[in-house]
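# Close look at the chain arrangement
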Amino acid sequence: MKGFAELYRRLDSTRRTNARLEALRDHFRAVDPADGAWALHYLLGRRGRRVVGSRQMRAWVAKHGGQPEWLVDECYDAVGDLAETVALLAPGRGDEGEAHGLSLAEVIEERVLALRDLDDAAREELVVATWRRFDLLERLLYVKLITGGFRVGVSRGLVARALAELAGTDQATMAHRLAGRWEPEPAAFVRLMAGDAAGDDPLRPYPFFLASPVPESVSDLGAARDFVAEWKWDGIRVQAVRRGEGHLLWSRGEDVIDAAFPEISAAIAELPPGTVLDGELLAWRDGAPLPFHSLQRRLQRKSVGAKLRQDVPVRMIAYDLLEFGGQDWRERPLEQRQARLREVLEALGRPEVAVAEVVDAERWEALAELRAESRARGVEGLMLKRRGSPYRAGRTRGDWWKWKVEPFTVDAVLVYAQRGHGRRASLYTDYTFAVHGDDGELVPVAKAYSGLSDAEIRKVDAFVRRNITERFGPVRAVTPELVFELAFEGIQPSPRHKAGLALRFPRMARWRHDKTVAEADSLASLRELLAREAGAR
Amino acid sequence: MCHQVTGRGGAKRSIRLSGSRVFPHPLPDLVHTTPEGLACPLGNFHVDPWRPVDLAVITHAHADHARAGSRAYLTTPEGAPLLRRRVQNGAVIETLAYGERRRIGAVTVSLHPAGHVLGSAQVRIEHASGTWVVAGDYKTAPDPTCAGIEPVACDVFVTESTFGLPVFGWPRESELIAEILAWWEGNRAAGRTSLLCAYPLGKAQRLLAGIGGRALGPIAVHGAVHKLNEAYAEAGVALPEAEYASPEVTKRIRGEGLVIAPPSAHGTPWVRKFGEVSTGFASGWMRLRGTRRRRNFDRGFVVSDHADWDGLLQTIAAAGAERVLVTHGYVEPLVRYLNEESGIRAEALATGFEGEGGAEATGPEEEALA
């Protein structure tokens, strides 16, 4: 536990790549495989399950830390992170207490996972006893582990790089290995760190290649004829892996999602062994995609009934071939991969797995015109892929670009604010925006957290502090005065919201200092947009 | 049933209204907030006024407590040289030694150590109607560069609340210094200069004195700190050698030395002169991970010249006041806690003080001093 806490402290205290890399290497160089497996599990963002709820945690810390519950809430409000608040208020070892000598694996197996099998009283006893043996940072990590909120700000690429150096492999091989199925067990860690391919998961996916947004002007990329254009679909990114006797459908979060999409899974089972496809999974009917919120109904399902399959049919649109005949094809030129992909899918002959159509145009102007049709086609814009380029890993800039359609915008009024988390804890950074309702009242339509500079956030924070009119738990109502232009990607009906609609990916595009509240948009105009969008499909 | 509120001066302040119900007499408060600041009308002076007045009694020389423009000032002899740097040359600065009593108008004023920075004082105001103490900013932790806080009994205690939540608790001085030295050692081994940012008045000197003879190499200071070190030297406070970071000194200490600078120096071109640096920030706010990360320093050291939660409660209890007025900081929670948990009558008092720079200190203070 001590070593893991030290790793966390080092990763948390610097943004320098080399220092972070060194911290990772130092930790994994001599780590016990049982601890290493767990450390890796959490560093890669594989989520732990919530074993204790936050309400219970607050009650315990109030009781054992000797503070009234309202004061715990005030502290949470100031700190912005529940685990940190609990760690600061909980009874602890202090910095001079006796070290406990518990390993990370012991803590997780005997004090985190073990909580599941205990009743409330026994849980409370074990958690409090653990607090008392831990110092401040260890308590913080422990609370995050038991509330399922553990996250470390480290990229998979960096972890793969550090481990590759220790294992004596290259980064791509390690990234590929980490992407496979493995359980946080000592044997898995030993296999991951092996110099040879002994422990590779036979059905592991390749690291996904991610596109970057096109810079200011698309012509900065060079000539249009150097690129192959495709529609940018608004679904979920998937990799279909077919090897040996098996096959798996992987999401970009590296979850296996066969159960939620059995029809796709059945289709890829018929691919020849040694084939890996990259593409987009969409809800699809009558030759066109359904909006993303339809697809959401099928995500996260452990099983899918006939009715849901009928209501929300799905399709995979494949656009790349990463492996064929058991050979890694990623280094081959794009056109060669695409040509073979078409042959493979033709031979497969299953409508559930279709090939992505190429959008033909020689010049940027022509592509720009086609891109303007994106909304009507139910796509997000265009993908631009450099001719002759290999399939790279991660967010490597230069060969794949996403040229998204311009977002929608709405001028809305800041009405509620809440403190942020992590780096933004204790500042009011999370905002709710409203537009004018039918009776002149302000109706909340969106929450947004991003888009402002640090300096602007500080100014809004100062405004919020001076203009609080009401408090609802951590939420502060503020005098409606500030107007922001929100950008968003789509709009959909939502009976759960008072406005009756929900914006997709809202963020703050700019602070409209020039606009008064009266000049903000109305709910009626958003309803019109919703109707127009629904009609366009 | 009859409640009687008895001030320490012995005057009984109660008035019978109707039947057997008795309420405290609405005597004017000895100190109250006006547009100019905390006013004491019976003495015709203000404590730490934020606008110019005839007589300003100053608790300490930080920018939000000591502002220029008043006709005359009263502070401790130790605090006078620091105050002089803050106000115009023409202003009269009178001094009153700790514990010495002075009659001003209808009240008697005395100053008592607050342990905040050199010369910092709690202002005790005595009148037949009761005794008030305006504590200014204070801390309970030991500080070799200033006199330690002395509890002052009173009827009404005016306290700050900068760190008025139980999440704020300070590590011991010895641990803090050990942490700073370990950080410096690590930087030196890696060939990096250690840049420690701290408020130039009080915190910088306290850290220097804490390091004392245990310096691992040369120490240099930013101009803003250097000026104040001189004022501390005038007042007879022993500090280890710390040179002004001139170009020659900078060159000499690069890669191995410790540099103490105001937080506002962080991220400026001035820092580049030191080559590769590791940056540290010494502040009570470093207790919270969010503020630590947002400020983008490599290391945060938890140290404050304000009292932590336990220090506040301990000092308030020691004052033994029947009424506590809470100023700048986490006012609401502290007021509620005192009323509900400690059984002490407390209420908020609005002021223009800022505490430890607020969570997002941008450093107007050091600019004023630079």
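Residues numbered from 1 in each chain as written. Chains lettered and ligands numbered in written order. Predicted model: local features only at pLDDT ≥ 70, side-chain atom pairs only at ≥ 80, totals over all residues. Heavy atoms only, no water.

## So, the overall build of chain B
This is how it is decided: Numbering goes from the N terminus for both helices and strands, where a helix is a DSSP run of H or I of at least four residues and a strand is a run of E of at least two. Buried, partly exposed and exposed residues are distinguished by accessible area as a fraction of the type maximum, computed with a 1.4 Å probe on protein chains only: under 20%, between the cut-offs, and over 50%, respectively. We call two residues in contact whenever any of their non-hydrogen atoms come within 4.5 Å of each other. Residue burial considers only the protein chains on display, and all accessible areas are found by Shrake-Rupley using a 1.4 Å probe.
Of regular secondary structure, chain B possesses 10 helices and 21 strands. Expressed as a percentage of the 370 residues in chain B, the buried residues total 57%. Relative to all contacts within chain B whose residues are 6 or more apart in sequence, the contacts with residues 24 or more apart total 59%. If you sum the accessible surface of chain B, you get close to 14,100 Å²; carbon and sulfur atoms cover 51% of it.

## Some words on the interface of chain B and chain A
For interface size, the figure often reported is the accessible area lost on association. Under the convention used in this document: By buried area we mean how much accessible surface two parts lose on assembly, using a 1.4 Å probe and totalling the loss over both. Basic side-chain nitrogens of Lys or Arg form a salt bridge, by our definition, when they fall within 4 Å of a carboxyl oxygen of Asp or Glu. Polar contacts here mean pairs of N or O atoms no more than 3.5 Å apart (in protein, one a potential hydrogen donor and the other a potential acceptor; neighbouring residues in sequence count only if both atoms are side-chain atoms). Ten residue types, Ala, Val, Leu, Ile, Met, Phe, Trp, Tyr, Cys and Pro, are classed as nonpolar, four, Asp, Glu, Lys and Arg, as charged, and the remainder, Gly among them, as polar.
Each partner contributes residues to the interface: chain B has 30 residues there, and chain A has 33 residues. For the pairing of chain B and chain A, the buried interface totals around 2,600 Å² over both sides, and the portion due to carbon and sulfur atoms is 51%. At the junction of chain B with chain A, the criterion picks out one salt bridge. The residue Arg289 of chain B makes a salt bridge to Asp12 of chain A at a minimum N-O spacing of 3.0 Å. Inspection of the region where chain B meets chain A yields four residue pairs in polar contact (both at pLDDT 80 or more). Here the side of chain B that touches chain A gets six residues from one element, more than from any other, and that element is helix α7 (residues 289–294) of chain B. For the side of chain B that touches chain A, the residue count by class is 10 nonpolar, four polar and 16 charged.

## Side note on the pairing of strand β12 (residues 400–404) of chain A
Residues and elements named next belong to chain A. The criterion, for reference: Any two strands are treated as partners once DSSP identifies two or more bridges connecting them.
Note that strand β1 (residues 212–213) and β12 share two bridges and pair parallel. Counted as the bridge partner of Pro213 is Lys402 from β12. Note that strand β11 (residues 381–386) and β12 share five bridges and pair antiparallel. Pairing of Met383 across the sheet is with Lys402, part of β12.

## What to know about the domain arrangement of chain A
Residue and element names in this part refer to chain A. This is how it is decided: What fixes the domain bounds is an automatic or database domain assignment.
The assigned domain composition of chain A is domain 1 (2–146), domain 2 (212–404) and domain 3 (408–536). Domain 1 and domain 3 are separated by 35 Å when their C-alpha centres are compared. Contacts between domain 1 and domain 3 engage seven residues on the former and eight residues on the latter. Here domain 1 packs against domain 3, burying approximately 560 Å² in sum over the two surfaces, 35% of which is carbon and sulfur.

## Overview of the sheet that holds strand β3 (residues 32–34) of chain B
All names here are of chain B. Selection rule: Under this scheme, a helix contributes an axis fitted over its contacting stretch, all axes are lines through C-alpha atoms, and angles between N-to-C directions fall in the 0 to 180 degree range.
Sheet architecture is open: six strands sit in the order β3-β4-β5-β6-β7-β8, paired in mixed fashion. Strands with a single pairing partner mark the edges of an open sheet, and in this sheet they are β3 and β8 (92–95). Sheet twist, expressed as the average angle between the axes of neighbouring strands with direction ignored, equals 35 degrees. Across four bridges, strand β7 (residues 72–75) lies against β8 in parallel orientation. Residue Leu74 lies in a different strand from β8, and its bridge partner there is Glu94.

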